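Observations on chain architecture
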Amino acid sequence: MIDHHLETPAGRPRARALGLPFDGRPGPANALTDVPGVTVGYTTLIEGSGPLVVGSGPVRTGVTAILPRPPGDLLVPVFAGLFSANGNGEMTGSHMIAETGAMTLPVTITNTHACGIARDATIDWINRTAPGALDDAWGLPVAAETYDGFLNDINGRHLRAEHVAAAIDGAAGGPIEEGSVGGGTGMVCFGFKGGSGTASRIVDHPAGPFTIGCFVQANFGPRRNLTIRGRRLGPDLAEPALIDRTPAREKSSIIGVIATDAPLLPHQLIRLARRAPLGVALTGGYAYHSSGDIFLAFSTANGDALTAPKTSVASTTFVPDSALDPLFDAVVQTVEEAILNAMVANQDMEGRDGNFVPALPRDRVAAAFA
């Protein structure tokens, strides 16, 4: 029987399997999906090898879909907040969230040059699954990106609307896969194979307990900065080396999505999103110039208030600001662990032109904490 704190559904190890001493109490799956009603789906595209032929491959990409509510309730808004630690990236729908403190529809994460198709395909999906819902309304879905052009034919337009729809339709709760899956397929983190990672924490509160879940698409950081649970291991992990047969350029980013069932107001969700970079920093991420470090937080509570008729006065519940510190702890803890899970659950990958990214040497990391 799989221990979901130690292994992914496919049996790949997670960071806790290496004996890393994390803080806080994880949820049952130690995943974003521990927040009730939140689901995650992937479409992963891996095809071809050898020299880059734009439009043909090699292909190392995909898309991740995060549903903040069950499919039948996706038109019920959630309170949301954003924070950009470094804005060299994209997250669509951000202006509307900043203005209204709320969002609807699935969130998608993919590669930089597929962000538009992910956004548009999400609107196509809602028009297909909820006919008439947008006839007299508009949709501004969140679609975010990180760059996978080191391994992937990023200009080949390989992600299509049907791939996005498949990720949304396939979204599920419970334990989810990590590593080179979905939008994280072609990503690199600290010179090792990066990608998709997740974690969660249970936060005790008199009105709770509450759950904080995090999902990251990790694609950032030079190897020299890699820090694992306070130990600067990057300089000691020079091998196995990344092999670049194309001009090396500094392109990196991280997208983080934080979900909670704690009743929080939009300004409080902004405060949660602002703490996410602290978890990134614990792994050695410093928000360098080319890095798009963008974080979204949402709460699944207060659905009734967000659908109140115009003729009424809506009422919400919320955790007092003075009681947010345990939630801040949980955000930092889950972001840090999600990044490390994305790396630990991974394997070597060769992509376009023979560019090669090794997996994190798990045995040497485990030995450092033995």
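Residues numbered from 1 in each chain as written. Predicted model: local features only at pLDDT ≥ 70, side-chain atom pairs only at ≥ 80, totals over all residues. Heavy atoms only, no water.

What follows is about the overall build of the protein chain. The helix and strand inventory of the protein chain stands at seven helices and 16 strands. For 370 residues, the compact-globule estimate of 2.2 N^0.38 gives 21 Å, and the protein chain sits close to it at 19 Å. C-alpha extents for the protein chain along the principal axes are approximately 65 × 45 × 45 Å. With 370 residues in all, the protein chain has 57% of them scored as buried. When contacts within the protein chain are restricted to residue pairs at least 6 apart in sequence, long-range pairs at least 24 apart make up 79% of them. With an accessible surface of roughly 14,400 Å², the protein chain has 53% of that area assigned to carbon and sulfur atoms. The positive charge centre, built from 27 side chains, and the negative charge centre, built from 36, are 5 Å apart in the protein chain. (Helix = DSSP H or I, 4+ residues; strand = E, 2+ residues; numbered from the N terminus. Rg over C-alpha atoms; globule rule 2.2 N^0.38 Å. Buried < 20%, exposed > 50% of the residue type's maximum accessible area, 1.4 Å probe, protein only. Contact = heavy atoms within 4.5 Å. Areas by Shrake-Rupley, 256 points an atom, 1.4 Å probe, with all protein chains shown as cover. Lys, Arg positive; Asp, Glu negative; His and termini not counted. Charge placed at Lys NZ, Arg CZ, Asp CG, Glu CD.)

A few words now on empty space enclosed by the protein. Enumeration over the complete set of coordinates arrives at one cavity of 30 Å³ or more. Residue composition of the lining of the largest cavity, by class: five nonpolar, two polar and three charged. (1 Å grid on protein atoms, 1.4 Å probe; cavity = no way out; pocket = protein on both sides within 12 Å on 5 of 7 lines; lining within 4 Å. Points joined across faces, edges and corners; volume = space filled by probe spheres on them. Nonpolar A, V, L, I, M, F, W, Y, C, P; charged D, E, K, R; others polar.)

Counting residues in each nonpolar core, the largest one holds 47 residues, and the members touching the most others are L20, L272 and I339. Where this core is concerned, the elements lending two or more residues are strand 9 (195-203), strand 10 (210-219), strand 13 (252-260), helix 4 (266-282), strand 14 (291-299) and helix 6 (325-344). If you tally residues by element for this core, the top one is helix 6, at ten residues. Beyond its immediate sequence surroundings of up to four residues, I339 is in contact with C189, V216, A218, F220, I254, G279, V280 and T283. Counting residues in each nonpolar core, the second largest holds 25 residues, with I176, V257, A259 and F298 among its members. (Core = buried A, V, L, I, M, F, W, Y, C linked by side-chain atoms within 4.5 Å.)

Another point: the packing of aromatic side chains. For the structure shown, the criterion picks out three aromatic pairs. Ring plane angle 45° and centroid distance 6.4 Å describe the contact between Y42 and F215, whose orientation is recorded as tilted. On the criterion of sequence distance, the pair formed by Y42 in strand 1 (residues 39-47) and F215 in strand 10 is long-range, its members being 173 residues apart. Taking the relative accessible area as the measure of exposure, Y42 reaches 22% and is therefore partly exposed. A residue is classified by how much of its surface remains accessible, and F215, at 0% relative accessible area, is buried. (Phe/Tyr/Trp six-rings, centres within 6.5 Å; stacked < 30°, edge-to-face > 60°.)

Look at the link from G208 to P209: it is a cis peptide, with omega at 10°. In this fold, P209 is placed in the loop between strand 9 and strand 10. Omega for the peptide link from E239 to P240 comes to 0°, which places this bond in the cis form. Inspection of the secondary structure assignment puts P240 in the loop between strand 12 (231-232) and strand 13. A positive phi angle is found at F190, which is not glycine, with a value near 55°. Here N302, not a glycine, exhibits a phi torsion of approximately 65°, which is positive. Relative to the helices and strands, N302 is located in the loop between strand 14 and helix 5 (303-306).

Moving on, we come to the environment of Y147. Summarising the element assignment, Y147 is placed in the loop between strand 6 (143-146) and helix 3 (161-169). The class for Y147 is partly exposed, based on a relative accessible area of 23%. When the C-alpha atoms of Y147 and M187 are compared, they prove to be 7.2 Å apart, with 40 residues separating the residues in sequence. For Y147, the residues in contact, after removing those within four places along its chain, are T112, I154, M187, N219 and K251.

Here N30 is to be found in the segment before strand 1. Take N30: its relative accessible area is 0%, and that puts it in the buried class. Polar side-chain contacts of N30 include one of 2.9 Å to the backbone nitrogen of S200. Those residues in contact with N30 that lie beyond four places of it in its chain are H5, R14, R16, T198, A199, S200, R201, E337 and N341. (Polar contact = N/O pair within 3.5 Å; in protein donor to acceptor, adjacent residues only side chain to side chain.)

Let's shift gears to the sheet that holds strand 14. The strands making up a sheet are joined through hydrogen bonds of the backbone, oriented either antiparallel or parallel. Spatial strand order, 4-3-14-13-10-9: six strands in an open sheet with mixed pairing. Each of the sheet's edge strands pairs with one partner strand only, and the pair in question is strand 4 (102-103) and strand 9. Note: strand 10 against strand 13, eight bridges, orientation antiparallel. For C214, the partnering residue across the bridge sits in strand 13 and is I258. In the packing of helix 4 onto the sheet, the strands contacted are strand 3 (78-87), strand 10, strand 13 and strand 14, and the crossing angle to strand 3 comes to about 40°. Sheet strands touched by helix 6: strand 9, strand 10 and strand 13. Its angle to strand 9, the strand with the most contacts, is close to 150°. (Pairing = 2+ DSSP bridges. Axes fitted to C-alpha atoms, helices over the stretch in contact; angles between N-to-C directions.)

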